[in-house]
Amino acid sequence: MTGPPGAGKSTLVEKMTALFRKDGQTVAIVAVDPTSPYTGGAILGDRIRMSSLFCDPGVFIRSMATRGSSGGLAFRTREVCDLLDAFGKDVIIVETIGVGQAELDVADTAQTTVIVLVPESGDGIQAMKAGLMEIGDLFVVNKSDRDGADRLMVEIQMMLDLRPQCEGWRPGVMRTTASAGEGVDELVRQIQGHRDYLKKYGILGRLRKDNVRSAIVDLVRQRLEEKFWENAGIRSVLDRLAEEAAGGKMSPYQAFERLLEAREQNGMKPSTNKEQSDHVR
Amino acid sequence: MSRKLRILIAKPGLDGHDRGAKVVARALRDAGMEVIYTGLHQTPQMIVEAALQEDVDGVGLSILSGAHMTLFPEVMKRMCEEGLEDRLLFGGGIIPGEDVETLQKQGVGKIFGPGTPVQAIVDYIHETVRVGDV
């Protein structure tokens, strides 16, 4: 479940979960909220909208802070989902932070991505065409009792007309009023419909592979960067080069090349295996 | 990198005065903690379930209803039943000194009254919850 802040994602998750539970399925919810880039702290408030689920032993809710991840999820959301899967949860719902256009990690993590918008999102849809609007398997216009819902429905349909069509699936677009529970049953039906489609066309296996693949790519990025900065000396080289570049003696690109050279030449080799294993978190 | 402290801030019972809880939640966030805020009208069962699922280091209750002598012990009891006896339970609100004493004898941590500087709460949590104690 992803979409702009205040679109009603948490409330929808609560109502959807109630329906999954009625159907006898166990549910896990991973709700992500942003970490402050200034203090490192976070207020995780998604539970406020889910209190009707707190005492149901068939529902497990875990809040996570992004801790510097910029993709709309936390760094370890994927692993948490794997764990919940191993625990045997029938349905795992991931709720992203309120997103704009670029926080799209959820599409690499979930099997079904639901974009939650509100009538007021209409004006922003042009801007959203790249990014958020490309990753939706389903689209929800929540708070649809407000003005502009019909127009937004039409705009989403038009956008979908222009999107490359894929065989066997055209994203559903539906109206909900989560606070009143309206339209939520249709959303749950369509999520099930998307799952049936993924099964019928044998896509689940491919998705799993894509998910694992992007997990590995993430690890490469993280670990290589960690490794790059491992040697204490390299930070002082960086400081010196930054000063020179700031003074106009070289561009950041040239500074980068010099940094690479310094790392290779001045014995700043990657550390030994033992040291590396100490670094594994 | 040190482990992030996770603190649950909860409003048990029927009073709707959540300004204090929100100010404290914000202060803990600004001190670099992850604060799970669950909103108004929570039962002890809801609070302890949330504390368990969120694996928090501490639970802070804000009570201005006068029901503190019921709510604190009930949360305490349920925390022990769920294996959370090693987590900090602290609180704040309008709570008479003699009640504070009684509650602390039962194992409740500090209880902060009106006028407490938020930094005192931040310091208390840092002193009481040992980081790295995973």
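As shown above, the structure is provided for reference.
What counts and what doesn't
Residues numbered from 1 in each chain as written. Chains lettered and ligands numbered in written order. Predicted model: local features only at pLDDT ≥ 70, side-chain atom pairs only at ≥ 80, totals over all residues. Heavy atoms only, no water. Helix = DSSP H or I, 4+ residues; strand = E, 2+ residues; numbered from the N terminus. Buried < 20%, exposed > 50% of the residue type's maximum accessible area, 1.4 Å probe, protein only. Contact = heavy atoms within 4.5 Å. Areas by Shrake-Rupley, 256 points an atom, 1.4 Å probe, with all protein chains shown as cover. Buried area = accessible area lost by both parts, 1.4 Å probe. Salt bridge = Lys/Arg side-chain N within 4 Å of Asp/Glu carboxyl O. Polar contact = N/O pair within 3.5 Å; in protein donor to acceptor, adjacent residues only side chain to side chain. Pairing = 2+ DSSP bridges. Right-handed = clockwise from strand over helix to strand, strands pointing away. Axes fitted to C-alpha atoms, helices over the stretch in contact; angles between N-to-C directions.

A closer look at the overall build of chain A
Okay, so step 1: In terms of helices and strands, chain A carries ten helices and seven strands.
Okay, so step 2: By principal-axis analysis of the C-alpha atoms, chain A measures approximately 65 × 40 × 40 Å.
Okay, so step 3: Buried positions account for 45% of the 281 residues belonging to chain A.
Okay, so step 4: A sequence separation of at least 24 residues applies to 71% of the contacts in chain A between residues at least 6 apart.
Okay, so step 5: Only carbon and sulfur atoms are counted for the fraction: they give 53% of the accessible area of chain A, which is about 14,800 Å².

Comments concerning the interface of chain A and chain B
Often, the extent of an interface is quoted as the loss of accessible area on bringing the components together.
Okay, so step 1: Between chain A and chain B, the contact holds 22 residues from the first and 23 residues from the second.
Okay, so step 2: A combined buried area of about 1,900 Å² lies between chain A and chain B, and 54% of that area is made up of carbon and sulfur atoms.
Okay, so step 3: Of all residues in chain A, the largest losses of buried area upon contact with chain B belong to I43, R47 and F54 of chain A, amounting jointly to 27% of the total for that side.
Okay, so step 4: The tally of links from chain A across to chain B stands at three salt bridges.
Okay, so step 5: The interface formed by chain A and chain B holds 14 residue pairs in polar contact (both at pLDDT 80 or more) in total.
Okay, so step 6: Secondary-structure elements contributing two or more residues to the side of chain A that touches chain B are β2 (42-44) and β3 (59-65) of chain A.

Notes on the pairing of strand β7 (residues 172-175) of chain A
Residues and elements named next belong to chain A.
Okay, so step 1: Inspection of the sheet shows strand β6 (residues 138-141) paired to β7 by four bridges, in the parallel sense. What sits directly across from F139, in β7, is V173.
Okay, so step 2: For the crossover that starts at β6, traverses helix α5 (residues 149-162) and ends in the parallel β7, the hand is right-handed.

Let's talk about the sheet that holds β3 of chain A
Note: strands within a sheet are paired through backbone hydrogen bonds, in either parallel or antiparallel orientation.
All names here are of chain A.
Okay, so step 1: Strand order across the open sheet formed by three strands is β3-β1-β4, with parallel pairing between neighbours. Edge positions in the open sheet fall to β3 and β4 (91-95), since each of these has one partner strand only. Averaged over neighbouring strand pairs, the angle between their axes works out to 15 degrees when direction is ignored.
Okay, so step 2: Relative to β4, strand β1 (residues 27-33) runs parallel, the two being bridged by five bridges. Directly across from A31, in β4, lies its bridge partner E95.

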